[in-house]
Amino acid sequence: MSDSRQLRKTFRRTLVVLLIAVLAAGTVTYAWYIYNTSRHVTDVKMAAGTGVTFLISNSYNGDYKTSAGLAFQGFLDPVSTDNIENGFQKVTGFTGGTSQSSLLANVFAPAQRSDYYETSLFLTTSSVATDVYLADIAYDDEDPDNPISTALRVGFAVHAPGQGQPVLSQYIFELTQTHNPQGRYNTYNGSVGDVLDSSRSDGSTVTFTPLNSSNYCQYNDDTGELALLPSSIMLCSLPAASANADHGTPVQVDVYVWLEGCDEDCTNNLANTNLESLALHFAGKQG
């Protein structure tokens, strides 16, 4: 992990302030790090899981198929939130600690749109009403020894059926419950599992437990069978298609991908790594 002098030099070169520090065992460690993906492209592929009756598109009036491909390139800076609709926050300033020469985060501000990834997809059915579940979030780490997946979150904001409708519900998943080998929780104000309180801007944290793979459904690619677990989360229900219509009223799902800066796994060893791929797999069950 970089020491404070090296990290400050990196900051001066990049003009990005993303640091939270705490005095631990006589040394300063950082839970926020500078992350640059400008040279990398991560593909986000959305795939519907139940054949022609369950369809997906990149736009409301677009071409609905069984899959849609997306790709993004840019910066992913550590941000934090407990509520997607309230937005994300990051550190924009810091001050010297009282008992050490380290820097402690003390100024917080809304994150910029470029700090995290956001897109929208649209789900519909060409037959009867269909309940939608997340079947998998598949991913590959670029560097298995420094797995950035351990600090990533994927969020879904689900709208009411129709174009331009309000958000009805949201869900935040962690990619994996595996830990970064060098992870160490050290956010200045909070405990393991806390994230920044989106209703405040003073660095206050709240306890937050993201969803995980136990909340997926079980979908068999070979047989097309879908099994629900007691903990499976239904993301939304798609209205049935009316007679002579190609499909029913689509449901907009906003997708967010971000580095959770308060995650204990979000430490400096991940700064030069990336995901090779990320794919969301949805499955539908007739309502």
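Caption draft 1: Expanded view of the packing of aromatic side chains. On inspection of all chains with the given rule, the structure shows eight aromatic pairs. Aromatic pair Tyr60 and Phe122: ring centres 6.0 Å apart, planes at 85 degrees, arrangement edge-to-face. Of this pair, Tyr60 sits in the loop between strand S4 (54–57) and strand S5 (67–75) while Phe122 is found in strand S8 (residues 117–125), placing the two residues 62 residues apart along the sequence. One exposure class covers both Tyr60 and Phe122, and it is buried. Ring centres of Phe173 and Tyr216 lie 5.9 Å apart, and the angle between their planes is 40 degrees; this geometry places the pair in the tilted category. With a gap of 43 residues between them, Phe173 in strand S11 (residues 167–174) and Tyr216 in the loop between strand S13 (205–207) and strand S14 (218–219) connect regions that are remote in the sequence. In this pair, the class of Phe173 matches that of Tyr216, namely buried. Counting every residue linked through ring pairs, the aromatic cluster contains Phe88, Tyr116, Tyr256 and Trp258.

Caption draft 2: Quick look at the environment of Tyr216. Exposure remark for Tyr216: the relative accessible area of 6% places this residue in the buried category. For Tyr216 and His281, which are 65 residues apart along the polypeptide, the C-alpha to C-alpha distance reads 9.8 Å. Setting aside its immediate chain neighbours within four residues, Tyr216 contacts Leu134, Ala135, Asp136, Ile137, Phe173, Leu229 and Ser232.

Caption draft 3: Structural context of the sheet that holds strand S10 (residues 152–159). Within the open sheet, the five strands sit side by side as S4-S8-S17-S10-S11. Their pairing is antiparallel. Lying at the two open borders of the sheet, with one neighbouring strand each, are S4 and S11. Averaged over all neighbouring strand pairs, the angle between strand axes comes to 25 degrees, with direction disregarded. Taken together, the seven bridges between S10 and S11 define a ladder with antiparallel strand orientation. From the neighbouring strand, Ala157 faces S11, where its bridge partner is Gln170.

Caption draft 4: View of the pairing of S8. Counted residue by residue, S8 has seven buried out of nine residues, so it is predominantly covered. Pairing geometry for S4 and S8, over four bridges, is antiparallel. Bridging from a neighbouring strand, Ile56 pairs with Leu123 of S8. Bridge count for S8 against strand S17 (residues 251–259) is seven bridges, and the pairing is antiparallel. Note that in S17 the partner of Glu118 across the bridge is Tyr256.

Caption draft 5: Expanded view of the nonpolar core. Of all hydrophobic cores here, the largest spans 35 residues; its most connected members are Leu123, Leu134, Ile137, Val154, Phe156, Val253 and Phe282. Counting residues per element, this core draws most heavily on S17, which supplies five residues. Leave out the neighbours within four places in its chain, and Leu123 touches Phe54, Leu55, Ile56, Val132, Cys236, Leu238, Thr249, Pro250, Val251 and Val253. Formed by nine residues, the second largest nonpolar core is a distinct cluster that contains Ile84, Ala111, Tyr116 and Ala157.

Caption draft 6: Spatial organisation of the environment of Gly69. Here Gly69 is to be found in strand S5. Accessibility expressed as a relative area gives 53% for Gly69, which makes it exposed. Each C-alpha atom, one on Gly69 and one on Asn58, is 8.1 Å from the other, the two residues being eleven residues apart in sequence.

Caption draft 7: Quick peek at the confidence of the model for the protein. Summarising the model, the protein shows a mean pLDDT of 77, and 72% of its residues fall at 70 or more. Looking over the protein, one finds the lowest element-wise mean pLDDT in strand S1 (residues 21–24), namely 24, and the highest in S11, namely 98. Counting interchain partners and residues more than four positions distant, the pLDDT-below-50 stretch residues 1–42 has 123 contacts.

Caption draft 8: Up close: the side chain of His159. Note that His159 resides in strand S10. At a separation of 2.6 Å, a polar atom in the side chain of His159 contacts the side chain of Asp254. Each residue touching His159, except ones within four places of it in the same chain, is listed here: Gln165, Pro166, Val167, Leu168, Val251, Gln252 and Asp254.

Rules of the game
Starting from 1, residues in each chain are numbered consecutively following that chain's sequence as written. Note on the predicted model: pLDDT of at least 70 is required for a residue's local features to be given, and 80 or more for side-chain atom pairs to be given and counted; whole-chain, interface and lining totals, by contrast, use all residues. The side-chain numbers reported here are obtained from all heavy atoms of the structure, hydrogens and water having been left aside. Paired rings are identified among Phe, Tyr and Trp, the last through its six-membered ring, by centres lying within 6.5 Å, and are further divided according to the angle between planes into stacked (under 30 degrees), edge-to-face (over 60) and tilted (the rest). Counting from the N terminus, the helices are DSSP H or I runs at least four residues long and the strands are E runs at least two residues long. Residue burial is assigned from relative accessible area. The probe radius is 1.4 Å, only protein chains are included, and a residue is buried under 20% of its type maximum, exposed over 50%, and partly exposed in between. A contact between two residues is defined here by any heavy atoms of the two lying within 4.5 Å. The pairing criterion is simple: DSSP has to find at least two bridges between the two strands. Convention adopted: a line fitted to C-alpha atoms gives each axis, helices being fitted over their contacting stretch, and angles between N-to-C directions are expressed from 0 to 180 degrees. To qualify as a nonpolar core, a set must consist of buried Ala, Val, Leu, Ile, Met, Phe, Trp, Tyr and Cys residues joined through side-chain atoms within 4.5 Å. pLDDT gives the predictor's per-residue confidence on a scale running from 0 to 100. Any pair of N or O atoms that falls within 3.5 Å is considered a polar contact. Within protein, one atom must be able to donate a hydrogen and the other to accept it, and sequence-neighbouring residues count only if both atoms are side-chain atoms.

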